[in-house]
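Listed below are the residues making up each chain.
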Amino acid sequence: MSLRILAAGGADRSRWHEVLERFPAHLRDLHYLPEYGLIYRDCYGHEPRLAVYEEAGITALRAFLRRPLGSLPFLAET
């Protein structure tokens, strides 16, 4: 069992692509590319990440943005 969190830049960027390439083409989605996540970083300052969970030959992915929770309206200080 393994859980890795990859960044969209540096050495992680090539690892991110390697993980995606393991999936058949029809299961790859534009939204999972590190380049797509970097658009959000450049526009909004949120850092793209990819969570990769692997166990018994099964891989699960989740792309997400790391951002401060205090910027959410329902958590902002009043």
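Let me begin by describing the structure that accompanies this report. (Residues numbered from 1 in each chain as written. Predicted model: local features only at pLDDT ≥ 70, side-chain atom pairs only at ≥ 80, totals over all residues. Heavy atoms only, no water.)

With that settled, the discussion passes to the overall build of the protein chain. Of regular secondary structure, the protein chain possesses 2 helices and 3 strands. Counting from the amino terminus, helix and strand elements in the protein chain follow one another as β-α-α-β-β. Seen through its C-alpha atoms, the protein chain measures out along the principal axes to roughly 50 × 25 × 25 Å. Across the 78 residues of the protein chain, 21% fall into the buried class. In the protein chain, of all internal contacts separated by at least 6 residues, the share reaching a separation of at least 24 is 43%. A total accessible area of about 5700 Å² is found for the protein chain, and carbon and sulfur atoms account for 57% of it. (Helix = DSSP H or I, 4+ residues; strand = E, 2+ residues; numbered from the N terminus. Buried < 20%, exposed > 50% of the residue type's maximum accessible area, 1.4 Å probe, protein only. Contact = heavy atoms within 4.5 Å. Areas by Shrake-Rupley, 256 points an atom, 1.4 Å probe, with all protein chains shown as cover.)

Here helix α1 (residues 10-21) crosses helix α2 (residues 34-44) at 135°, and the two axes come no closer than 10 Å. Here α1 lies oblique to α2, going by the angle between them. Contacts from Arg13, Trp16, His17 and Leu20 of α1 reach α2 at Pro34, Glu35 and Leu38. Residue composition of the contact of α1 with α2, grouped by class: 4 nonpolar, 1 polar and 2 charged. (Axes fitted to C-alpha atoms, helices over the stretch in contact; angles between N-to-C directions. Parallel < 35°, antiparallel > 145°, perpendicular 65-115°, else oblique. Nonpolar A, V, L, I, M, F, W, Y, C, P; charged D, E, K, R; others polar.)

Counting residues in hydrophobic clusters, the biggest one holds 8 residues: Leu6, Ala8, Trp16, Val19, Leu20, Leu38, Leu50 and Val52. Contributing elements (two or more residues each) for this core: α1 and β2 (47-55). Top element by residues in this core is α1. It accounts for 3 residues. Residues within four places of Leu6 in sequence aside, it is in contact with Asp12, Arg15, Trp16, Val19, Pro48, Arg49, Leu50 and Val52. (Core = buried A, V, L, I, M, F, W, Y, C linked by side-chain atoms within 4.5 Å.)

With that out of the way, let us pick up the pairing of β2. In the sheet, strand β1 (residues 2-7) pairs with β2 via 6 bridges, with the strands oriented antiparallel. Paired with Ala7 across the two strands is Arg49, which belongs to β2. Looking at chain direction, β2 and strand β3 (residues 58-66) are connected through 9 bridges and run antiparallel. What sits directly across from Glu47, in β3, is Arg66. Counted along the chain from β2 to the antiparallel partner β3, the turn is 2 residues long, and its residue Ala56 has a positive phi close to 50°. (Pairing = 2+ DSSP bridges.)

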